[in-house]
Amino acid sequence: MQQIKAVWSRLDGRKRITVVGAALAVFLILLVLSRLATTPSMTLLFAGLESGSAGDIVRALDQRGVPYEVRGGSIYVPAARRDELRMTLASEGLPANGSKGYELLDSLSGFGTTSQMFDAAYWRAKEGELARTIVASPHIGQARVHIAHGSANPFQRGVEPTASVYLVAAGAPVTPAQAKAVRFLVASAVSGLSPEKVAVIDSAGTVIGAEETAGGAGNAEDQAQRLRERVLRLVEARVGPGNAVVEVSVETVTETESIRERRIDPNGRVAISTDVEERSDSSRNQSSEVTVASNLPDGDAADGDRSDATSSQTRERVNYEVSETELEVVRVPGAIKRLTVAVLVNGTRSTDSSGAEVFVPLPQEELDSLSELVASAVGFDAERGDVITLKSLDLPAFEPQGTLAKSSLWQKSSLDMMSLIQMATLAIVALFLGLFVIRPILTNPKPLPALPAADQGGEAAAGGLRVLDGEIAAAEGEEVAAVPAEIGAGQGRPPVAAISTAGTEQAVERLRELIGDKQEETVEILRSWLEESEEEA
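Since this is a predicted model, take the numbers as computed values, not measurements. (Residues numbered from 1 in each chain as written. Predicted model: local features only at pLDDT ≥ 70, side-chain atom pairs only at ≥ 80, totals over all residues. Heavy atoms only, no water.)

Draft legend 1. Examining the overall build of the protein chain more closely. Secondary structure summary: the protein chain contains 15 helices and 13 strands in total. A total of 537 residues make up the protein chain; the buried ones form 22% of that total. Sequence separation of 24 or more characterises 69% of the internal contacts of the protein chain that already satisfy a separation of 6 or more. Carbon and sulfur atoms make up 54% of the accessible area of the protein chain, which totals about 37,500 Å². (Helix = DSSP H or I, 4+ residues; strand = E, 2+ residues; numbered from the N terminus. Buried < 20%, exposed > 50% of the residue type's maximum accessible area, 1.4 Å probe, protein only. Contact = heavy atoms within 4.5 Å. Areas by Shrake-Rupley, 256 points an atom, 1.4 Å probe, with all protein chains shown as cover.)

Draft legend 2. Structural view of the side chain of lysine 126. With respect to the element layout, lysine 126 can be found in helix α5 (residues 115–135). Buried charge without a partner: lysine 126 forms no salt bridge, and the closest opposite charge is glutamate 129, 8.9 Å away. Not counting chain neighbours up to four residues away, the residues in contact with lysine 126 comprise Tyr102, Ile147 and Ala189. (Lys, Arg positive; Asp, Glu negative; His and termini not counted. Salt bridge = Lys/Arg side-chain N within 4 Å of Asp/Glu carboxyl O.)

Draft legend 3. Representation of the pairing of strand β3 (residues 74–78) within the structure. Summarising burial for β3: 5 of the 5 residues are buried, a large majority. Bridging between strand β1 (residues 42–47) and β3 involves 5 bridges; their strand directions are antiparallel. Bridge pairing links alanine 47 to serine 74 in β3. Counting the residues between successive antiparallel strands, the hairpin from strand β2 (residues 69–71) to β3 contains 2 residues, one of them, glycine 72, with a positive phi of roughly 70°. (Pairing = 2+ DSSP bridges.)

Draft legend 4. Representation of the nonpolar core. One finds Ile134, Val165, Leu167 and Val186 to be the most contacted residues of the largest nonpolar core, which totals 21 residues. Here isoleucine 134 is in contact with Ile140, Ala143, Val145, Val165, Leu167, Val182, Leu185 and Val186, once residues within four sequence places are set aside. Judged by nonpolar contacts, the second largest core, of 20 residues, contains Ala224, Leu227, Val239 and Leu339. (Core = buried A, V, L, I, M, F, W, Y, C linked by side-chain atoms within 4.5 Å.)

Draft legend 5. Looking closely at helix α3 (residues 51–64). Taking 1.5 Å as the rise per residue, α3 with 14 residues should run 20 Å; its terminal C-alpha atoms sit 20 Å apart, in good agreement. By the burial criterion, the buried members of α3 are Ser53, Ile57, Val58, Ala60 and Leu61. The buried side chains of α3 occupy one side of the element, clustering within an arc of 160° when seen end-on. Relative to its buried face, α3 has exposed residues pointing more than 90 degrees away, namely Ser51 and Gln63. Packing partners of the buried residues in α3 comprise β1, β2, β3 and α4 (82–91). Remark: glycine 65 follows α3 within two positions and exhibits a positive phi of approximately 70°. (Expected span 1.5 Å × (residues − 1). Arc of directions from axis to C-beta.)

Draft legend 6. The arrangement of empty space enclosed by the protein in detail. One pass over the structure, following the stated rule, counts 1 cavity of 30 Å³ or more. By volume, the largest cavity is sized at about 40 Å³. Among the secondary structure elements, those contributing two or more residues to the lining of the largest cavity are β8 (257–287) and β9 (305–331). Ranked by the residues each element gives to the lining of the largest cavity, the list is headed by β8, at 3 residues. Here the residues of the lining of the largest cavity sort into no nonpolar, 1 polar and 4 charged. (1 Å grid on protein atoms, 1.4 Å probe; cavity = no way out; pocket = protein on both sides within 12 Å on 5 of 7 lines; lining within 4 Å. Points joined across faces, edges and corners; volume = space filled by probe spheres on them. Nonpolar A, V, L, I, M, F, W, Y, C, P; charged D, E, K, R; others polar.)

Draft legend 7. Seen up close, helix α6 (residues 176–189). In this model α6 runs 20 Å from its N-terminal to its C-terminal C-alpha over 14 residues, within 8% of the 20 Å that 1.5 Å per residue would give. Taken residue by residue, α6 has Ala179, Val182, Arg183, Val186 and Ala187 as its buried positions. One side of α6 carries all its buried residues, which in axial view fall inside an arc of 130°. Projecting away from the buried face of α6 at angles above 90 degrees are the exposed residues Ala177 and Ser188. Where α6 is buried, its residues meet α5, β5 (162–169) and β6 (198–201).

Draft legend 8. Quick peek at the side chain of asparagine 346. Structurally, the position occupied by asparagine 346 is in the loop between β10 (336–345) and β11 (348–351). Polar side-chain contacts of asparagine 346 include one of 3.4 Å to the backbone nitrogen of leucine 395. Not counting the four nearest positions on each side in its chain, asparagine 346 is found in contact with Asn243, Phe359, Leu362, Ser392, Leu393, Asp394 and Leu395. (Polar contact = N/O pair within 3.5 Å; in protein donor to acceptor, adjacent residues only side chain to side chain.)

Draft legend 9. Main features of the packing of aromatic side chains. Scanning the model with the defined rule gives 1 aromatic pair in all. Where tyrosine 122 meets tryptophan 123, the ring centres are 5.5 Å apart and the plane angle is 75°; that geometry is what we call edge-to-face. In this arrangement the basic side chain of arginine 71 is found over the ring face of tyrosine 76, its NZ or CZ atom lying 4.1 Å from the centre. (Phe/Tyr/Trp six-rings, centres within 6.5 Å; stacked < 30°, edge-to-face > 60°. Lys NZ or Arg CZ within 6 Å of the ring centre and 35° of its normal.)

Draft legend 10. Quick peek at the sheet that holds β3. Taken in spatial order, the 3 strands line up as β1-β3-β2 in an open sheet, and their pairing is antiparallel. The outermost strands of the open sheet, each flanked by one partner alone, are β1 and β2. Here the strands of the sheet are splayed against their neighbours by 35° on average, with no regard to which way each runs. Packing against the sheet, α3 makes contact with β1, β2 and β3, and its axis sits at approximately 20° to β3. Its contacts with the sheet place α4 against β1 and β3, and it is angled at close to 25° to β1. (Axes fitted to C-alpha atoms, helices over the stretch in contact; angles between N-to-C directions.)

Draft legend 11. The arrangement of the confidence of the model for the protein chain in detail. Averaged over every residue, the pLDDT of the protein chain is 74; residues scoring 70 or more account for 69%. Scored below 50 in pLDDT, residues 212–217 makes 6 contacts in the model with residues more than four places away or belonging to other chains. In this model residues 450–502 is a low-confidence stretch, pLDDT under 50, and it forms 52 contacts with partners more than four residues away in sequence or in other chains. (pLDDT = per-residue confidence, 0-100.)

Draft legend 12. Quick peek at the pairing of β10. When strand β7 (residues 244–252) meets β10, the two strands line up antiparallel, connected through 9 bridges. Looking at the pairing, threonine 252 lines up with isoleucine 336 of β10.

Draft legend 13. Highlighting the pattern of salt bridges. In the structure shown here, the tally under the stated rule is 16 salt bridges. Notably, a salt bridge pairs arginine 64 with glutamate 92, separated by 2.4 Å at the nearest N-O pair. In this pair, arginine 64 sits in helix α3 while glutamate 92 sits in the loop between α4 and α5, placing the two residues 28 residues apart along the sequence. Overall, the relative accessible area of 46% leaves glutamate 92 in the partly exposed class. Between aspartate 83 and arginine 82 there is a salt bridge, with its nearest N and O atoms 3.3 Å apart.

What follows is the structure, given as structure tokens:
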């Protein structure tokens, strides 16, 4: 403490202000670095959550006393507890992504629940379950499902349900193939719903994937892509991967055509029914004379002439139907109208007589065999006007630009860059404080040498110093204070008094060497002499 006071007393006002400012700066730097060192490293817990789900996550973290940071739509927690929090929150059903499933039906009780309320809760639960299943895909960030069913209007029959799905991609845009899978997923979960009645819309408001036409044929691009993959897989099996290029152009029918034909064959008569009708009639005629006896009740009437008549009739009716044939043909858009296939295959390379490398195309026999395989793979039809072109040309190999991405040793390690920077900064500050602040303060200054007594040659020493002072002043043009003879003692050098007798030039040179080697001790001795002279004055 005495040393610090002594050093502080020897400083002027400007140096004291400098020392105080430096001490405050170092203190603030240490405070900030300690704050950074004690702050845990934050890592991403969840991102892209809806407002309700994010609020549930924040509330759960507050209940557990876990420090967190909200940056936009992302929640950050300490890296050491990220995995633990994810599993713990998942066991509690968080994040729910704003959609609830069949647990909505658990809250319904038998008292006060009407059939309309139950139906509404059921369809809401169905939509939530479908949204959960869709979000389970790593390509989908958010999903909303809306189902419109016809059970709300009991007086309207034959109403088919429809559905719409809103998707937010987690990274790359949603492809038509993924949208098709979502349509089939929703259609399979709702009774009576067909995939054509499901619309998939992305976050940009675009309908993803055109609806398939009747008959199951897709659009021209999808058909061309399927045929291209089929032909490429077939050709590369022979020439090797990367040695073939396939392009397929499909021209499809874009209009709808309906043909209805009715044919009647007059020779193709067919009996469909037969009716038979029979009729029989019988009658009797008698003629006689009228007399008195015939009029009496008991009289004998004279017998007259008698005649009997009988008739029968048979009628048969046969109904015939003429042979009739009806034919109706409906041609829908999407059917292949014309197909064009272009295949480019690489050849081989050989060395000629001069040693140069030359390109050798595939033989024509092999090209013809490949052409037949391609025709079979795409369903070639010459009457339809299909064209297949197969050539063997040189395919130059281009080296990929840039360097191959590799994981460095730093990426494989689990060290945090920010933590290492903080530790390195703390180490540098501590080294700086130890070397330039603490070490000079704690270092004990060497004791001042005692002045020689007057009776021990002090006069001679003083005379020698005076001679030396005059010589130094004459050589340097400066006023030099007296230097004690003990400066060079113990270092293998003679006293200053002895130096003064060795010659002016040699004494000045030796004194310069002594002052250069013992700068601190020289300054301390000169300062002590000045202070003594001031006190005596």
